[in-house]
Amino acid sequence: MTTLLVRPGRRSAAAATRPPAYSGGQYLAVVGFMAAAAVLVPLLISSDANQYRANLWLVYAMAALGFYWVFGLGGRFAFCQTLMMTVGGYTSAYVTSKLGPEWFLFGLFSAMVVCAVLAGIVGALTARAQDFYFAIATLAVSEIGTVVFEKGGGPLGPDGTVTSISIPQIGHTVILSNRGTFWLFLIILGLLLFLGAFLERSPVRRLAIAARENGQVAATLGVPVVRLQLGLFMLGSAAGGLSGALIGHWNGVTEANSFGMELSIGIFLMLLLGGLRSMWGPIVGAAFYVGIPQVLNGLDKYEQIVYGGLLLLVIILVPQGLVDAASRGARAGWRATRRRPQPSPGGNDA
């Protein structure tokens, strides 16, 4: 049966199981990324507005990384990632309102647990739905959740809006500035990337790819397809809940329509632009998604046209994503360097 969704990385068995270019040093790559971000972002950013966008990049990257685990590895296109962000925002706001702002970290943990449990329930109920049908089922769950939150009232506030959420606080340290929030977000994203590097180095990656490419064959070979995809769905949803909770504490408000269909499509676009074959795809894609509109801001009424054309151009020229294109270019340059003839030790004898 032909579906409307394309499975990620579906080119060949060899390409699907081939590890990414950074397979020899995932943990070192995470350390290098954090060090580069810690040095370059403060140097390049001079205004509070740009600092806000840098923070938005980091927190969107968390949600997109979770979606990579759900779709890029698990092969399950879940339209409910933004619902998990909403649930995470509500959960952490409720916990800190009852226990106090000093329980900020526990609120984040609670948001992740609640979202993982919710994803487990949704995933168990839709375990037999495949491809397009799973996407439609999760879209229906997301729409139902949005309506429930908007009409719920009670602790959710009028129209599902929760205001006066406590700002991030760790111990006795209250994080007031966008610069301080940047360091918090960078550390949390780094922890998620270390978890992602662990998954990339573990058998989970190979088993997940086998289940994604041909679940029936993988099941006959003993791969626990349903449990594996359900676990990745829960893990990715927990990352989405963490992202939503951080956004709520950062902005001081969480609304039922804050994470709507536009952002849901945007998260898929982040992964598509960055690349489906690497955990760095959502990081690069989130930077593109947040940063390019700011670069095109001076085009006025032509901004959306140029932005849409640029997205289309990137998808056509680098269908495997920006990270894969950069990796291919680096490998080609390395091979060209190694093949370059070296001068003889004796110099020119002519």
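The coordinates are above.
The rules behind the values
- Residues numbered from 1 in each chain as written.
- Predicted model: local features only at pLDDT ≥ 70, side-chain atom pairs only at ≥ 80, totals over all residues.
- Heavy atoms only, no water.
- Salt bridge = Lys/Arg side-chain N within 4 Å of Asp/Glu carboxyl O.
- Buried < 20%, exposed > 50% of the residue type's maximum accessible area, 1.4 Å probe, protein only.
- Helix = DSSP H or I, 4+ residues; strand = E, 2+ residues; numbered from the N terminus.
- Contact = heavy atoms within 4.5 Å.
- Phe/Tyr/Trp six-rings, centres within 6.5 Å; stacked < 30°, edge-to-face > 60°.
- Polar contact = N/O pair within 3.5 Å; in protein donor to acceptor, adjacent residues only side chain to side chain.
- Axes fitted to C-alpha atoms, helices over the stretch in contact; angles between N-to-C directions.
- Parallel < 35°, antiparallel > 145°, perpendicular 65-115°, else oblique.
- Left-handed = near helix turned anticlockwise from the far one by under 90°.

Explain the pattern of salt bridges to me, please; I cannot follow it from the model alone.
Once the charged atoms of two side chains with opposite charge are near each other, the side chains can pair. Across all of its chains, the model carries 3 salt bridges by this definition. Across the pair Arg-212 and Glu-213 runs a salt bridge, and its minimum N-O distance is 3.0 Å. Of the two residues, Arg-212 and Glu-213, neither departs from the other in class, the shared state being buried. When the shortest N-O distance is used, the salt bridge between Arg-277 and Asp-324 registers 2.8 Å. With a gap of 47 residues between them, Arg-277 in the loop between α11 (261-274) and α12 (281-295) and Asp-324 in helix α14 (residues 322-339) connect regions that are remote in the sequence. Classification of Asp-324 as buried rests on a relative accessible area of 9%.

Would you explain the side chain of Ser-92 in this entry?
With respect to the helices and strands, Ser-92 occurs in helix α4 (residues 81-99). For Ser-92, a relative accessible area of 0% corresponds to the buried category. Once you skip the residues sitting within four places of it in the chain, Ser-92 turns out to touch Phe-104, Gly-107, Leu-108, Ala-111, Ala-245 and His-249.

Help me out: how do you make sense of unusual backbone geometry in this one?
If a residue is not glycine, its phi is most likely negative; likewise, a peptide bond is most likely trans. Positive phi is not limited to glycine here, since Asp-131 has a value of about 50 degrees. With respect to the helices, strands and loops of the structure, Asp-131 is situated in the loop between α5 (104-125) and α6 (132-152). For Ser-164, which is not glycine, the phi torsion reads 55 degrees and is therefore positive. Looking at the secondary structure, you find Ser-164 in the loop between β1 (162-163) and β2 (169-170).

I'm lost on the packing of aromatic side chains in this one. Help?
For any pair of aromatic rings, geometry is given as the distance between the ring centres together with the angle between the planes. Applying the stated criterion to the full structure yields 17 aromatic pairs. Taking the centre distance of 5.7 Å and the plane angle of 80 degrees together, the rings of Phe-134 and Phe-233 count as edge-to-face. With a gap of 99 residues between them, Phe-134 in helix α6 and Phe-233 in helix α10 (residues 225-251) connect regions that are remote in the sequence. Here Phe-134 and Phe-233 have matching classes, each one buried.

Got a minute to help me understand the side chain of Ser-243 in this structure?
In this structure, Ser-243 sits in helix α10. A polar contact of 2.8 Å, which involves the side chain of Ser-243, links it to the backbone oxygen of Val-59. Setting aside anything within four residues of it in sequence, one finds Ser-243 in contact with Val-59, Met-62, Ala-63 and Met-85.

What is the right way to look at the packing of α4 against α5 in this model?
For the pair α4 and α5, the least separation of the axes is 8 Å and the interaxial angle reads 140 degrees. Put simply, α4 runs oblique to α5. For the pair α4 and α5, the sense of crossing is right-handed. Here Met-84, Val-87, Gly-88, Thr-91, Ser-92, Val-95, Thr-96 and Leu-99 of α4 come into contact with α5, specifically with Phe-104, Phe-106, Gly-107, Leu-108, Ser-110, Ala-111, Val-114, Cys-115, Leu-118 and Ala-119.

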